[in-house]
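Observations on chain architecture
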Amino acid sequence: MADEQKIVVEVPSSGGHYSPVPIPHSNKLSEFKRGWIEAIALPDNLPDLAYTLASTVAIPALLSSCWVTIPMPGFIRLGVLFVLAIAATFVLYLRQAVPEVKDILLLRIGLIAVGVLLGI
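This structure is a prediction, so every number in the text was calculated from the model and none was measured.

Attention now moves to the overall build of the protein chain. The helix and strand tally for the protein chain stands at four helices and zero strands. When the helices and strands of the protein chain are placed in sequence order, the string is α-α-α-α. Relative to all contacts within the protein chain whose residues are 6 or more apart in sequence, the contacts with residues 24 or more apart total 71%.

What follows is the structure in structure tokens.
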């Protein structure tokens, strides 16, 4: 018991007024919108912009090329089409929910469409 250290806690006098700093509550909807705006926005620097635009075209071109050339069972093709339908529904919802991303979202969808057409 002799080796233990004593902990001293100072309590402010009851005469003073103590008020904790209030924690600012942020609006969840504005955080949601800001997050999607940042996720969809194009990069500011030129190398990242070139990479983003090239990959937005090249990846769908590769996938659509595989879709056409590789024999796949019908249920896998049906599953992929179902996932694409869900993604399209989500994009339409996002376009309505966050109007600030409408133009950039349409640009990205157009680039994906060009990639799909190039792969076919």
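Additional details are given in the paragraphs that follow.
Next up on the list: the packing of aromatic side chains. Applying the stated criterion across every chain, the model contains two aromatic pairs. Centroid distance F32 to W36: 6.5 Å. Interplanar angle 70°. Geometry classified as edge-to-face. Residue F32 and its partner W36 are located together in helix α1 (residues 28-40), separated by four residues, close to a single helical turn. Among the residues examined, F32 registers a relative accessible area of 32% and is labelled partly exposed. Each member of the aromatic cluster is reached from another via a ring pair, and the members are F32, W36 and F90. Taking the ring centre of W67 as reference, the NZ or CZ of R77 above it sits at 4.7 Å.

The next thing to look at is helix α4 (residues 102-119). With 18 residues, α4 extends 26 Å from end C-alpha to end C-alpha; this agrees with the ideal 26 Å at 1.5 Å per step. Burial in α4 covers these residues: I104, L105, R108, L111, G115 and G119. Seen end-on, α4 carries its buried residues on one side only, within an arc spanning 125°. Away from the buried face of α4 by more than 90 degrees, exposed residues D103 and L117 are located. On the buried face of α4, the contacting elements are α1, α2 (46-69) and α3 (74-97).

Glancing now at the confidence of the model for the protein chain. It should be kept in mind that the predicted coordinates are not to be read in detail where pLDDT is low. Confidence in the prediction of the protein chain, expressed as mean pLDDT, is 85, and 85% of residues score 70 or more. For the protein chain, the element scoring lowest by mean pLDDT is α1, at 85; α2 scores highest, at 92.

Another aspect to go through is the nonpolar core. I40, L94, V98, V101, I104 and L105 form the largest nonpolar core, which has six residues in total. Contacts of V98, omitting those with residues within four sequence positions, involve F32, K33 and I37.

Turning our eyes to something else, we now look at the side chain of T52. Here T52 shows up in helix α2. When residues no more than four places from it in sequence are discounted, the contact partners of T52 are L42, P43 and R108.

Before going further, it helps to spend a moment on the side chain of R108. On the secondary structure map, R108 appears in helix α4. With residues up to four places along the chain from it excluded, the contact list for R108 reads I40, A41, L42, T52 and T56.

Let us look at the packing of α2 against α4. Where α2 contacts α4, the two axes come as close as 7 Å, and the packing angle between them is 40°. The angle between α2 and α4 falls in the class oblique. Regarding α2 and α4, the two cross each other, and that crossing is right-handed. Across from T52, L53, T56, V57, P60, A61, S64 and S65 in α2, the residues of α4 making contact are R108, L111, I112, V114, G115, V116, L118 and G119. Taken together, the residues of the contact of α2 with α4 break down into nine nonpolar, six polar and one charged.

Thresholds, definitions, all that
- Sequence order as written defines residue numbering, which begins from 1 separately in each chain.
- The model is predicted, so local features are restricted to residues of pLDDT at least 70 and side-chain atom pairs to those at 80 or more, both for listing and for counting; the totals for chains, interfaces and linings are taken over all residues.
- Side-chain figures throughout are based on the complete set of non-hydrogen atoms in the structure, without hydrogens or water.
- Strands here mean DSSP runs of E at least two residues long; helices mean DSSP runs of H or I at least four residues long; both are numbered from the N terminus.
- It only takes one pair of heavy atoms within 4.5 Å for two residues to be counted as in contact.
- Aromatic pairing here means that ring centres of Phe, Tyr or Trp (its six-membered ring) are within 6.5 Å. Orientation follows from the plane angle: under 30 degrees is stacked, over 60 is edge-to-face, and everything else is tilted.
- Exposure classes here rest on a 1.4 Å probe applied to the protein chains alone. A residue is buried below 20% of its type maximum, exposed above 50%, and partly exposed in between.
- Definition used: whenever NZ (Lys) or CZ (Arg) falls within 6 Å of the ring centre and also within 35 degrees of the ring normal, the charge is taken to sit over that ring.
- How far a helix is expected to stretch is found by multiplying one less than its residue total by 1.5 Å.
- Summarising the geometry, the arc corresponds to the directions from the helix axis toward the C-beta atoms.
- You can read pLDDT as the predictor saying how much it trusts each residue, on a scale of 0 to 100.
- The criterion is simple. A nonpolar core is a set of buried Ala, Val, Leu, Ile, Met, Phe, Trp, Tyr and Cys residues joined through side-chain atoms within 4.5 Å.
- Angles run from 0 to 180 degrees between N-to-C directions of axes, and those axes are lines fitted to C-alpha atoms, restricted for helices to the stretch in contact.
- Reported orientations rely on four angle classes, namely roughly parallel under 35 degrees, roughly antiparallel over 145, roughly perpendicular from 65 to 115, and oblique for the rest.
- Crossings are assigned a handedness: left-handed for a near helix turned anticlockwise from the far helix by less than a right angle, right-handed for a clockwise turn.
- Polar here means any residue other than Ala, Val, Leu, Ile, Met, Phe, Trp, Tyr, Cys and Pro, which are nonpolar, and Asp, Glu, Lys and Arg, which are charged; Gly is therefore polar.

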